[in-house]
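# Examining the three-dimensional arrangement
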Amino acid sequence: MSWLSRIANAFRPGSTAAGLDEELQFHLDQRIADLIRGGMLHREAELQARRQLGNRLSLRESSYEVKSAAWLDSLLRDFRFGLRMLAKYRIASLAAIASLALAIGACTAAFTLIDALVFRPLPVPASHQLITIVHVFPAFFSPDNQPRESDSFSYPLYGLLRDTAREDADLFAMSLHPGFQEALFDDAGGASENVRAESISGRGFEILGVKPARGRLIQPADDSLAGGHPVAVLSDAFWKRRFGASPAAIGRWVTIGRKQFQIVGIAAGPFSGVQPGYLTDLWLPLSAAADPRQLADPDGGCCNIWGRLRSGVEPSRIRAQLQAVLTNFRRERVRINPPRSLHGEQLRQFTDAPLGVRDASSGRDSLFRSQFRRPLQILALICALLLLVACSNVANLMIARASARAAEMALRISLGAARSRLIQQMLIESAQLAAAACGLGLLFAALAAPSIVAYLGTTEFPAWLDVALGSRTLLFALSLSLLTALLFGAVPALRASAVAPGAALKTGGSHGAGREGPLRWVLAAQVGFSVAVLFLSGLLLISFRRLIAVDLGFARDNVVLFDLRPRNPETHRHDSGAQLLAAIRHLPAVESASLSQQRPVGGAMVWIMTPIIRLPGRAAETVRPVEIPVSEGFFSAMGIRWIAGRDFVPEDIARNSTAVIVNQAFVDKFLRGQNPIGQTFDKLTDDPEPVPQQIIGVVANTRFNNLRELEGPSIYSPLRDVAGATLNIRTASRSASLIPWLRKEIETAAPALEVRGTILLADQIDNTLIGERLLALLAGFFSIVALLLAGVGLYGVVNYAVIRRTREIGIRIALGAPREEVVRSVVSGAAMPVIAGIVLGVAGGLGLARYLATQLFGVRPADLASIAAPVVCILIAAVAAVLPPAVRAASADPLVALRHE
Amino acid sequence: MAQQDALQGALPLLVLKILDRRGPLHGYGITALIEAISDQLRVEEGSLYPALHRLEESGWIHAQWTTTENNRRARVYKLTPAGRKQLADEERRWTSIAAAIGQVLERA
C-alpha cells in the first residue's frame, strides 16, 4: 500500500475500520461454526471464540495503525476537535483572535517599515558587494562640536580614488540629494513639474547591475566631460506614473537646470534608486548634468562614491589604500590653497581625517532614513510589548479553558490517551488561534503600513517605501505567529496534560483542582506589559504635547514662507530686496514682511553657516556661533524680543558696514558681564583678511533652527542678496487662502525673482515633528488597546474565579458572611497580581525608557507624573474589570449558588 | 507457551509458506490450516490479523474481498511475486538458524 493510500485512509477512517471489523467478524463466525461442529454449545462456542481472538478494540487499533498514517489521522482529528472547541467558546476565541491579530499586525507593519527603510537589500544582484565611501568631518566643523560622517567628495578626488581601488573594486560616482528639481518635458506644453533627479557616472548602472526595461541606460560615452550625449533614464515607477508606461516616452526631451536631455531608456523594475524612502524619477549622466565649475572644483563635494567589491576582497584592504589617497590629496590641496580659518592641530585633523568603507547593500543612509530610524524602532518596541500583552491575554484564556476541561483531559487519560496526544491537542488549538490571528494580522499590516508611509512624507518631500507584502514580511508574520502559539500554548498544554485523572474526575467539571497559580502569574505579566506600554506611550505623548506648545521665541501663526530664486542666475545682480519688502508691506492684509537667509525651523534641510570668531585680545573661539543673514524688520515681523540696541537700517547693507545683531546666548557665552552694544569681534573666513564686526543690537534666544533646543550663540548679519532667501509674510488672518495672490504680487514686485517653494510656517514646524506626531498617535492608540486587553484579561480571570467559587461563596453567605466581606475576598484575589504587575511594568518601563531618550522633550522618565499616569490608568481599568464579577458574587442567592452543579 | 513464543517470530514465514502451497486463503483458513498441520502449534489469533496486514503493507501478499459458498464476504489473501521471493529468503534464513542452533545443542 502506498503512502498516498495511507494518507487517503486517514481522511476516510470509517471505511477502513469497517473493513477490519468485517474481517474479524468473519473469523469469529467461522470459529464458532467449527466449534459447534466439534460438539460445543452455541453459547460456549461464542465465548471461546471471543477469548481466542482477544481484545477486538486493540486488535483493530494495531491493524489500523498499519493501514493508515496514524499521526496524520490524529492531527486531523485534533484539528477538527480544535475547531469545535473554538466555536464552543465563541466570544472568548474571537476576543483572543482579535487581540492577537491586532498585535501581530502591528508588529508585522512595524517590521515591514523598518525592513524597507533599513534592512532590505537593494534589488540588484549580489547587493552584499556594494560599498560606499565616507569621510569624517572633525568635531570643530559642526555647531554642536560632534564629528560628523559625510559621503560627499569632489569629482577630482573621486577620480583618484576610483583609479586607486581599480584592482579590488569598481567605484562609480552619483550625485544624491533629497530635493526636487524643476523639469520641463517637451510634451507638457510649457508647464514644469517637480522631479527627483539624480546623476550617475557612466559605468554606474553597469556596476550596480541594473538592466534596462526598455531602450538603454546611461553608458560611459554619455559621461565624458567633453559634453557627451545629454541623455536621461527614467525609473520604472516614474515612467508608469508620468507616461502611463507608453513606449513613446523614449526619445522625448526634458529640460532640467537649463540643460536639455533626451530620454533614452527605462531602468528595470524594482530598482528605484539607492535611497530608501525616496523614489528616484530620473537619472542623468553626472558630467552632463553637473555645473562644470562645481565638477572641476577639487575642494567641492558634489559626488557620492559607490562601488562594488570584487569577490573575496575585504573592505579593510581598500580602506587603507583609499585613506592614503585622501590624506595625500588634502595635504596637497592645503599646501596649494591654505585655508585661513584652519591652523595647526585643526588643519592636521582636517587633512588626516579618517576615511571609511561602508556596507551599502541596503542603500544610503539618507536623511529620511536617519530621521525615522529611531521613531520606527520605538514603534517596534511598543508593538512587541503589545504582542506580549496579547499573548498573556490568550495564555490566560487557554489556562482557564484548560482548567475547565480538566475533567475531559482526565477522562481521556484514563481511557488510555497518551499525554503527548493531549499536549498535541492543546498546541493545535493554540496554532489555530495563531493562524487565524496571523491571517487577520497580515491584512491589518497590509493596510496600516502604506498609510504610515504616507504619513511620513510631506508635500515637499513625499516618502516612498516598498511595503507590499513580500516573502520577508510573510516569513516574519508566520514565525511570529508560530512563536506566539508556542508561547501561549505550551504552558497550559503541559499543565492540562499533567492532571491526575482520579482527582480531576472526582471534583468534576468547573471545579478543577487549584489552578489559580499560573493564572495569577500570567495576569501579573499581562498587567506588567500593559503598564510598560502605557508608561512609554505616556512619555511620548507628554513629549509631543510639550513640543507643540513650546515657546519658539517667535510667532508662528499666519506666517507664510516664500523661497525666492533668481529667474536667471547668470544675469542676476545682487539685490537686498528692500524694494520688494516695501511693495509687499504696502499690500492690504499684510501685517509685516521680512527676509531671512534660511527658513525658520528648517530642520536638517538647511545649510547653516558657522563662522569662526575672534574677540579682541583673545585667541579664536573653539565654539562657533551660527550666522543667519536677515533683513531689517525681521525681528519685529517675527515677534522676536528686543533686549538692547537697534535694528538694521538700509545703510547696514553696504559691503563695508560692520553692523551685526547677536542673541542673548552670544552675550552669555563671549561677553559675560559687559555691555554688548558697541563691542567688536573679527569673523575669520576664507577671505585673506578677517571681517570686523560690531554689535548694534541684542535679541532674545529663540528656537530658530530646532524646536528641541534654544539656539546657542548666534549672529544675525544684514542680508545682502534676496536670491536664495526666504520671504516671511505675516497676514492678518487665514494666510493659506492668500498664498496664490501673494505669490503673484511678489513676482510683480520683483520680476527678476521667482517663487520656488511656499509653505505656512505652522506647516513647516509641523513637518519637523512628523516622527514625534506619528509616535504620539500610535502610542495613544496602542495604550488604549493595552488598557483594554488588560481589562479584558483581568475580568476573565476574576470572573472565572467567581464561577469556580460559587458554591463556597454560597456557603459563606448562607453562614452569614457580610456581602462586603465577599467582595473583599474576590477583589483581594486580583489585587496581588495587579500590584506585582504594576511594579514590574514600571521597573521594566524605566529600563526601556533610555531607548526613547532622543525622542523625549520636556519630560523625564523618572518624573512622578510620568509614572503616576499609567498607574492610575491601569488601576481604573482594574477596578472597572474586577467590580462587576465581585458584585455579582456578593449578590448571589445562596440557595441558587449551593445548587450550582 | 514455549511453542507460541517461537511461533510469534515465525508467523510471517508460516503464513507465506501456507499461501504458497495452498493458494489463496482467508485469515481463518490460515489459522485452521496451521493448527491442522501441526498439533503442537496454536496460532495467537490476536496477532494473526496485524501480521497479515503488515505483510500486505510490505507488498508480499495481496488481499481481495470475495464471496464464500454460503454467500458471505471474506477477505482472501494471495501470495505476490515479491512475497514468493521473500518466502525463499525467509526459509533460507530459518533453516540456517535452525541448523546453527541444532549444532550448538549437539556439541555444547
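This structure is a prediction, so every number in the text was calculated from the model and none was measured. (Residues numbered from 1 in each chain as written. Chains lettered and ligands numbered in written order. Predicted model: local features only at pLDDT ≥ 70, side-chain atom pairs only at ≥ 80, totals over all residues.)

A few words now on the pairing of strand β11 (residues 259-267) of chain A. In regular strands, side chains alternate between the two faces of the sheet. Residues and elements named next belong to chain A. Looking at chain direction, strand β8 (residues 212-215) and β11 are connected through 3 bridges and run antiparallel. Within the sheet, the bridge partner assigned to Arg 214 lies in β11 and is Ile 266. In this sheet, β11 lies alongside strand β9 (residues 231-235) in parallel orientation, the contact comprising 5 bridges. Across the sheet, the residue bridging to Ala 232 is Ile 263, located in β11. Taking the residues that link successive antiparallel strands as the turn, the strand β10 (residues 253-256)-β11 hairpin has 2 residues, and the phi of Gly 257 there is positive, at about 55°. (Pairing = 2+ DSSP bridges. Helix = DSSP H or I, 4+ residues; strand = E, 2+ residues; numbered from the N terminus.)

Residues and elements named next belong to chain A. With 119 residues, the main nonpolar core has Leu 100, Leu 386 and Val 533 as its most contacted residues. With 21 residues, the top contributor of residues to this core is helix α14 (residues 367-404). Counting only domains with at least three residues in this core, you end up with domain 2 (70-120 + 367-514) and domain 4 (516-550 + 770-901). Beyond its immediate stretch of four places on either side in the chain, Leu 386 contacts Ala 103, Ala 106, Val 533, Phe 782, Val 785 and Ala 786. One finds Trp 239, Val 264, Ala 290 and Ile 305 within the second-largest nonpolar core, a separate group that totals 61 residues. (Core = buried A, V, L, I, M, F, W, Y, C linked by C-beta atoms within 7 Å. Buried ≥ 20, exposed ≤ 12 C-beta atoms within 10 Å, placed from the backbone. Domains from an automatic or database assignment. Contact = placed C-beta atoms within 7 Å.)

What follows deals with the domain arrangement of chain A. Taken domain by domain, chain A consists of domain 1 (3-68), domain 2 (70-120 + 367-514), domain 3 (127-361), domain 4 (516-550 + 770-901) and domain 5 (573-751). The distance between the C-alpha centroids of domain 3 of chain A and domain 5 of chain A comes to 34 Å.

Glancing now at the interface of chain A and chain B. Counting residues at the interface gives 16 residues for chain A and 15 residues for chain B. Of all elements in the fold, only α2 (13-37), α3 (42-53) and α4 (56-67) of chain A reach the threshold of two or more residues within the side of chain A that touches chain B. Considering each element in turn, the side of chain A that touches chain B owes the most residues, 7 residues, to α2 of chain A. Classifying every residue of the side of chain A that touches chain B gives 6 nonpolar, 6 polar and 4 charged. (Nonpolar A, V, L, I, M, F, W, Y, C, P; charged D, E, K, R; others polar.)

Turning our eyes to something else, we now look at the environment of Gln 346 of chain A. Residue and element names in this part refer to chain A. Topologically, Gln 346 is positioned in helix α13 (residues 344-351). Between the C-alpha atom of Gln 346 and that of Phe 140, which follows or precedes it by 206 residues, the distance is 7.8 Å. Discounting residues that sit within four places of it in the chain, Gln 346 has contacts with Pro 138 and Phe 140.

So, on to the packing of helix α25 (residues 770-804) of chain A against helix α28 (residues 864-890) of chain A. All names here are of chain A. One way to put it is that α25 packs onto α28 with a least axis distance of 9 Å and a crossing angle of 25°. One finds that α25 runs roughly parallel with respect to α28. The two elements α25 and α28 cross, and the hand of that crossing is right-handed. Between α25 and α28, the contacting residues are Leu 787, Ala 790, Gly 791, Leu 794, Tyr 795, Val 798, Asn 799 and Val 802 on the first element and Cys 873, Ile 874, Ala 877, Ala 878, Ala 880, Ala 881, Val 882, Pro 885, Ala 886, Arg 888 and Ala 889 on the second. Residue composition of the contact of α25 with α28, grouped by class: 16 nonpolar, 2 polar and 1 charged. (Axes fitted to C-alpha atoms, helices over the stretch in contact; angles between N-to-C directions. Parallel < 35°, antiparallel > 145°, perpendicular 65-115°, else oblique. Left-handed = near helix turned anticlockwise from the far one by under 90°.)

Below, the discussion takes up the confidence of the model for chain B. Residue and element names in this part refer to chain B. On average, residues of chain B score 81 in pLDDT, and 91% of them reach the 70 mark or higher. Below a pLDDT of 50 lies the segment residues 1-6, which in the model reaches 4 contacts outside its immediate sequence neighbourhood of four places, other chains included. Prediction confidence for the complex, expressed as pTM and ipTM, is 0.72 and 0.81 respectively. (pLDDT = per-residue confidence, 0-100.)

So, on to the sheet that holds strand β1 (residues 25-26) of chain B. Residue and element names in this part refer to chain B. Taken together, 3 strands build an open sheet; the order of strands is β1-β3-β2 and the sheet is antiparallel. At either margin of the open sheet sits one strand with a lone partner, and together these are β1 and β2 (61-67). In this sheet, strand β3 (residues 73-79) lies alongside β2 in antiparallel orientation, the contact comprising 7 bridges. In the strand pairing of β3, Gln 64 is matched with Val 76.

This next bit is on the packing of α25 of chain A against helix α27 (residues 819-848) of chain A. Residues and elements named next belong to chain A. At a minimum axis distance of 10 Å, the contact between α25 and α27 shows a crossing angle of 135°. In terms of orientation, α25 lies oblique with respect to α27. Taken as a pair, α25 and α27 cross one another with a handedness that is right-handed. Across the interface between the two elements, Leu 794, Val 797, Val 798, Ala 801 and Val 802 of α25 pack against Val 826, Gly 829 and Ala 830 of α27. Grouping the amino acids of the contact of α25 with α27 by side-chain chemistry returns 7 nonpolar, 1 polar and no charged.

Attention now moves to unusual backbone geometry. Residues and elements named next belong to chain A. A positive phi angle, close to 45°, is found at Ala 126, a residue other than glycine. One can find Ala 126 in the loop between α6 (90-119) and β1 (130-137). Using a count of 12 C-beta atoms within 10 Å as the deciding quantity, one classes Ala 126 as exposed.

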